[in-house]
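# Observations on the model geometry
In case you want the letters, here they are:
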Amino acid sequence: METLANLESFIRSAECGSFSEAGRRLLLTPAAVSRNVAMLERNLGVRLFHRSTRRLTLTEAGETFRTAIAGHLEGLQAAIAGASTGREEPAGVLKISLPPTFGTAHILPLLPGFLARYPQVRPEWHFENRQVDLVGEGYDAAIGGGFELLPGLVSRTLAPAHIIAVASPAYMSGRTSPTKPDELAALDGIVMRSLQTGRIRHWSMRDVSGREVQAPLSESIVVNDPAAMREAALLGLGVAMLATADILPALENGSLLRLVPRWYCDAGAISIYHASRKLVPAKTRVFVDWVADAFKKNRLAERFAGSLS
């Protein structure tokens, strides 16, 4: 019996005249759609499409087959989705991508309560500093900031992604604390070189009124990981520009000091991303809700806001 994926790939490719456009609609890569169609043709023993570099066109057999199944596909999709979401208990592997520091500090502590409530869910969590391909790599959801919202994905904002200037009390001892962002240039800077661009990231800071001022840190120490920047700042090696979410415990226990209070860099939002399907799998739906509820309960959006001192 043909799989639903093969039939969906065929119908959408016929509608779009393109594996690429069909893939965007189905949240699959063009190669995956092409493989599904090729498998369907092999199983049926007929060629369904004429392929060219510009467009797909149906063969006579393909048109006959499309007419035969088109009216029944939506019913099959609804029946399968209804059966899978009708389960009382969310279950299965929950594959999530999270930034290492943020995920360890703020998401991992939610896991014991989540598993106690949903014991049939099996977490597979990847701690990584990159934007993953949710569909192509088989992730159920991802948490992070600055993601490009590709077609077929939805996001739910959890908190602001604000960057602030920090240093240890030991480093600031005997030094004059800056009052404006441009005064940070007089201090030793701990900066990061991007793995993607090879460039060192410099920031402009803003205040609550919307004024923007450059914050030109010196390049005294260069690393390629935010966690290393935080540790270097804790060791008293200089000033670092770090996400409030990644250093909240250090700010709250006093091991790091915030410099130029109320000035911050706006890096967008921290969000949770998942595929936009009409019927999201129960395991994904309850995880998204669990995380969002925890952020609200713990007032993390407010605590992460660099616009507040």
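Nothing here was measured: the structure is a model prediction, and the numbers come from that model. (Residues numbered from 1 in each chain as written. Predicted model: local features only at pLDDT ≥ 70, side-chain atom pairs only at ≥ 80, totals over all residues. Heavy atoms only, no water.)

### Notes on the pattern of salt bridges
- For the structure shown, the criterion picks out 15 salt bridges.
- The residue Asp207 makes a salt bridge to Arg211 at a minimum N-O spacing of 2.7 Å.
- Judged by its relative accessible area of 8%, Asp207 falls in the buried class.
- Using a relative accessible area of 52% as the deciding quantity, one classes Arg211 as exposed.
- Note that Glu302 is salt-bridged to Arg299, the shortest N-O span being 3.1 Å.
- The class of Arg299 is partly exposed, set by a relative accessible area of 45%. (Salt bridge = Lys/Arg side-chain N within 4 Å of Asp/Glu carboxyl O. Buried < 20%, exposed > 50% of the residue type's maximum accessible area, 1.4 Å probe, protein only.)

### So, the nonpolar core
- Within the largest apolar cluster, 29 residues are counted, with the highest numbers of intra-cluster contacts made by Ile107, Ile143, Phe287, Phe295 and Phe304.
- With sequence-adjacent residues up to four places away left out, Ile143 is seen in contact with Ser97, Leu98, Pro99, Phe102, Ile107, Leu158, Ile270, Ser271, Ile272, Phe287 and Val291.
- One finds Ala165, Met172, Leu187 and Trp263 within the second-largest nonpolar core, a separate group that totals 19 residues. (Core = buried A, V, L, I, M, F, W, Y, C linked by side-chain atoms within 4.5 Å. Contact = heavy atoms within 4.5 Å.)

### Side note on the pairing of strand β13 (residues 265–275)
- For strand β5 (residues 141–145) and β13, the ladder comprises four bridges, and the chain directions are antiparallel. When the sheet's bridge partners are listed, Gly145 is paired in β13 with Ile270.
- Note: strand β6 (residues 153–167) against β13, nine bridges, orientation antiparallel. By the bridge assignment, Val154 is partnered in β13 with His274. (Pairing = 2+ DSSP bridges. Helix = DSSP H or I, 4+ residues; strand = E, 2+ residues; numbered from the N terminus.)

### Examining the packing of aromatic side chains
- Under the defined criterion, the tally for this structure stands at 11 aromatic pairs.
- Arranged with centres 6.2 Å apart and planes meeting at 70°, the rings of Phe102 and Phe304 form a pair that is edge-to-face. Here Phe304 lies in helix α11 (residues 300–304) and Phe102 lies in helix α5 (residues 100–107), a separation of 202 residues in the sequence. Summarising the burial analysis for this pair, Phe102 and Phe304 share the class buried. (Phe/Tyr/Trp six-rings, centres within 6.5 Å; stacked < 30°, edge-to-face > 60°.)

### Quick word on the side chain of Thr284
- Mapped onto the fold, Thr284 is located in helix α10 (residues 282–297).
- Here Thr284 is in contact with Leu94, Asp140 and His274, once residues within four sequence places are set aside.

### Some remarks on the packing of helix α1 (residues 4–16) against helix α2 (residues 19–26)
- With their axes 8 Å apart at the nearest point, α1 and α2 run at an angle of 125° to one another. Considering their axes alone, α1 and α2 lie oblique with respect to each other. When the axes of α1 and α2 are compared, the crossing they make is right-handed. Taken together, the residues of α2 that come into contact with α1 (itself represented by Glu8, Ser9, Arg12, Ser13, Glu15 and Cys16) are Phe19, Glu21, Ala22, Arg25 and Leu26.
- Across the contact of α1 with α2, the residue classes break down as four nonpolar, two polar and five charged. (Axes fitted to C-alpha atoms, helices over the stretch in contact; angles between N-to-C directions. Parallel < 35°, antiparallel > 145°, perpendicular 65-115°, else oblique. Left-handed = near helix turned anticlockwise from the far one by under 90°. Nonpolar A, V, L, I, M, F, W, Y, C, P; charged D, E, K, R; others polar.)

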